[in-house]
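# Chains, contacts and geometry: an overview
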Amino acid sequence: MFEAGIYRKLVLVFLAIVAVVQVLKLYHIFAVRSQPPAGAIRDLTWGDINFLHTTDTHGWYSGHLNQKSYNANWGDFISFATRLKQIAAANGQDLLLVDSGDRHDGNGLSDITIPNGIASTPIFIQQDYDILTIGNHELYVWENSVQEYETVVPHFKEKYVCSNVEFKLPNGTFVPFGQKYRFFQTPNQKLNVLTFGFLFDFNRNNDGTKVTSIKDVVDNESWFQEALESHPPEKVDLIVVVGHVPISHKWPELFYLHEKLREKYPETKIQYFGGHSHIRDFTVFDEKSTALQSGRYCETVGWASINMKDDNVRNIRERYSRSYIDFNLNSFLHHANFTDNKDQFDTEKGLEVSTLIKKTRKKLELNRPLGYVNDNYYVDYVPVWDKKNIFNLLTTKILTTLQPENSNITVAEERIIIINTGSIRYDLYKGPYTIDTQYIVSPFENQWHKLSLPKSVAVKVGRKLNENSYILANTEQGMKQIDNRQLAPPHQLLMPYEELLSMEKRQDIFKYPIALNNDDKIAIESKHRAKLPKGYVTYDDFGHDGDDTPHKAVVNYPVPNVVESKQLNKSTSGDTIIDLVFYDFITPNILWALKELNYHITESSEFYSNQYLGLLMNEYVKESGI
Ligand SMILES: Nc1nc2c(ncn2[C@@H]2O[C@H](COP(=O)(O)O)[C@@H](O)[C@H]2O)c(=O)[nH]1
Ligand SMILES: [Zn+2]
Ligand SMILES: [Zn+2]
């Protein structure tokens with residue numbers, strides 16, 4: 001009797017264990033449902049109208065020569081777009097190409113020439129865009145604005161749409177880059193599309209250009225109201241807004257525009273394309289409006305599709321789809337249905353452009369090695385104090401080699417050198433350090449300026465600049481907004497340092513950038529994902545299945561707006577006068593910080609050196625390697 005009782009219990013326990021294992025197995029399969037097997041690519045979802053979007057390409061038209069995930073070049077992208085347009089046409093659908101600006105500053109192909117862009121712009125314009133607009137990097141330097149106005153705009157004609165930036169003609173009048181808006185019909189679906197192009201409220205543009213905030217255009221510019229009046233809702237099937245503006249819910253500009261457009265077009269579908277903050281993102285504005293942002297540096301081609309005939313749509317995901325396509329040949333061949341068949345995939349024009357890129361790189365000697373990098377140095381994959389962090393390398397080794405330009409510059413015994421972290425544009429990877437590397441990492445050829453300050457004041461400036469507040473300040477150029485967040489790397493623009501720091505205490509946040517429900521965590525932590533290549537795991541308003549290629553997430557640690565290289569003598573007593581040395585680019589921010597510190601400067605900053613950071617890096621690598 002006793003044995004039978006134990007036996008029965010053992011059987012029950014065994015059955016219970018089997019049941020639990022089955023449930024977990026089902027749960028696991030179910031939870032990992034959105035993860036295709038390693039190496040598999042998530043297919044695109046096509047709609048009546050489809051879009052390919054690029055933004056913040058910053059001259060990366062050669063592709064990423066040492067990163068397989070982004071190994072396609074601009075010629076491959078041209079072939080890819082051509083093939084997808086053919087698929088769309090065969091299905092009676094539309095496919096439009098859109099670009100949101102920032103086309104140089106960050107790669108040797110675009111930056112080694114004077115002015116920059118001379119060699120790269122002829123490559124960029126080979127892509128057959130349907131809608132494009134301007135980025136802030138086309139506006140810092142007058143020569144780049146001239147190039148945009150005289151080369152890019154005439155090439156694309158009515159397809160270049162820019163609603164709030166103007167160019168000053170020799171006679172002093174301001175005219176738009178391209179058209180302020182465009183109304184056109186799509187070739188296959190015959191959709192009537194009303195298009196605008198906007199730049200974020202940028203105030204560091206050169207004097208030969210003018211930027212009007214989106215709010216001012218919408219509220220005060222008569223042409224905008226007239227454009228809406230002359231294109232009433234019954235005549236417009238779709239509004240497209242191409243912006244060099246972040247689409248994040250944290251960035252208000254496009255949401256203000258949306259609110260005003262909805263007053264006029266309560267039911268019309270409105271599709272936004274964003275840029276500037278260098279991230280993959282997708283936001284839902286309302287049931288009939290979404291926004292796509294497509295990363296940076298030719299790492300991503302954004303994809304959006306819309307079902308225009310949607311009277312009985314129950315869920316917004318039946319109306320819209322979005323994908324972030326890794327800018328590599330594997331993805332391009334897959335989505336264009338030419339897997340393992342590159343010869344057939346290549347178009348004549350694509351091959352011509354790939355050849356042009358090779359010839360241009362050779363002519364510019366971009367692959368000429370200057371030295372060797374023995375380790376990887378990251379912008380934010382490791383904390384800023386880590387010896388593998390590039391800012392640690394710069395502040396402890398490279399900046400210490402900066403010399404005043406000549407002997408008649410008076411220099412103090414001690415100094416602090418400050419750089420904005422947004423001036424460093426990419427990681428420094430192990431391998432040959434070439435001419436191209438200099439521009440990839442630190443393209444800005446700013447002068448160094450200095451102020452002689454009491455040490456007690458100078459040591460506080462960096463900390464003040466790392467406060468993240470949007471400040472209205474009276475600068476030399478008049479009332480300008482000083483936004484210290486704009487000094488940081490673009491992809492951290494929306495996650496201010498303090499906010500990131502506060503999260504740092506909860507390590508989990510760096511694995512899951514947003515709070516995820518349990519089955520997502522299972523999906524991410526699953527053994528399957530652990531084997532995947534590192535890369536973007538994008539969490540947006542549609543969830544985390546947007547990346548066409550599943551990756552193992554990288555972690556982004558917080559990066560302050562500025563970092564400092566301190567050459568100070570701990571032994572000196574008293575408030576000695578030291579040199580505060582900084583990039584002339586951040587002078588408005590330095591002056592703001594000193595004002596905030598109640599320090600009244602008696603003289604303006606003084607020229608210190610032309611040895612900009614890229615040159616210092618080159619010399620350092622040649623001398624001692626890194
Ligand atoms: N030190 C310098 N930093 C610069 C300069 N021009 C731009 N920047 C930095 O880049 C971001 C904007 O980049 P984006 O790709 O997001 O538009 C800006 O906020 C600065 O941090 C420069 O000449 N010198
Ligand atoms: Zn950019
Ligand atoms: Zn930008």
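Residues numbered from 1 in each chain as written. Chains lettered and ligands numbered in written order. Predicted model: local features only at pLDDT ≥ 70, side-chain atom pairs only at ≥ 80, totals over all residues. Heavy atoms only, no water.

Read from one edge to the other, the open sheet built from five strands follows the order 3-2-1-13-14, with strand pairing classed as mixed. Every interior strand has two partners, whereas the edge strands, strand 3 (131-132) and strand 14 (320-326), have only one. Across two bridges, strand 2 (residues 94-99) lies against strand 3 in parallel orientation. Across the sheet, Val98 pairs through a bridge with Ile131, a residue of strand 3. Of the strands in this sheet, strand 1 (49-54), strand 2, strand 13 (300-306) and strand 14 are in contact with helix 2 (residues 74-90), which crosses strand 2 at around 150°. (Pairing = 2+ DSSP bridges. Helix = DSSP H or I, 4+ residues; strand = E, 2+ residues; numbered from the N terminus. Contact = heavy atoms within 4.5 Å. Axes fitted to C-alpha atoms, helices over the stretch in contact; angles between N-to-C directions.)

Further remarks concern the coordination of the zinc ion (ligand 3). Within the first shell, the zinc ion (ligand 3) binds the protein through Asp102 (OD), Asn136 (OD1), His244 (NE2) and His276 (ND1), at distances of 2.1 to 2.3 Å. In terms of primary sequence, the donors binding the zinc ion (ligand 3) are separated according to D-x33-N-x107-H-x31-H. For the pair the zinc ion (ligand 3) and the zinc ion (ligand 2), the metal-to-metal distance amounts to 3.5 Å, and Asp102 bridges them. Note that Asn136 is positioned in the loop between strand 3 and helix 5 (142-156) and His244 in strand 9 (residues 238-244), a separation of 108 residues in sequence. (Donors = N, O, S within 2.8 Å, 3.2 Å for Na, K, Ca; no water.)

All right, on to the side chain of Asn136 then. Asn136 sits in the buried class, given a relative accessible area of 0%. Excluding residues that lie within four positions of it along the chain, Asn136 makes contacts with Asp102, Leu199, Phe200, Phe202, His244 and His276. (Buried < 20%, exposed > 50% of the residue type's maximum accessible area, 1.4 Å probe, protein only.)

Moving on, we get to the site of ligand 1. Around ligand 1 lies a shell of 19 residues, among which Asn136, Asn420, Arg425, Asn446 and Gln486 are the nearest. Within the contact set of ligand 1, an oxygen atom lies 2.9 Å away from a backbone nitrogen or oxygen of His276. Within the backbone of Leu487, one N or O atom sits 3.4 Å away from an oxygen atom of ligand 1. Here ligand 1 loses 95% of its free accessible area of 510 Å² to cover by the protein chains. Partitioning the shell around ligand 1 into residue classes produces seven nonpolar, ten polar and two charged. (Near = heavy atom within 4 Å. Polar contact = N/O pair within 3.5 Å; in protein donor to acceptor, adjacent residues only side chain to side chain. Areas by Shrake-Rupley, 256 points an atom, 1.4 Å probe, with all protein chains shown as cover. Nonpolar A, V, L, I, M, F, W, Y, C, P; charged D, E, K, R; others polar.)

Here the focus is a nonpolar patch on the surface. Side chains of Tyr7, Val11, Leu12, Phe14 and Leu15 sit close together on the surface and give an oily, nonpolar patch of about 540 Å² of accessible area. Considering the arrangement of structural elements, one finds Tyr7 in helix 1 (residues 2-31). Taking the relative accessible area as the measure of exposure, Tyr7 reaches 58% and is therefore exposed. (Patch = residues over 30% accessible without salt bridge, like charges linked within 9 Å, V, L, I, M, F, W, Y side chains within 5 Å. Salt bridge = Lys/Arg side-chain N within 4 Å of Asp/Glu carboxyl O.)

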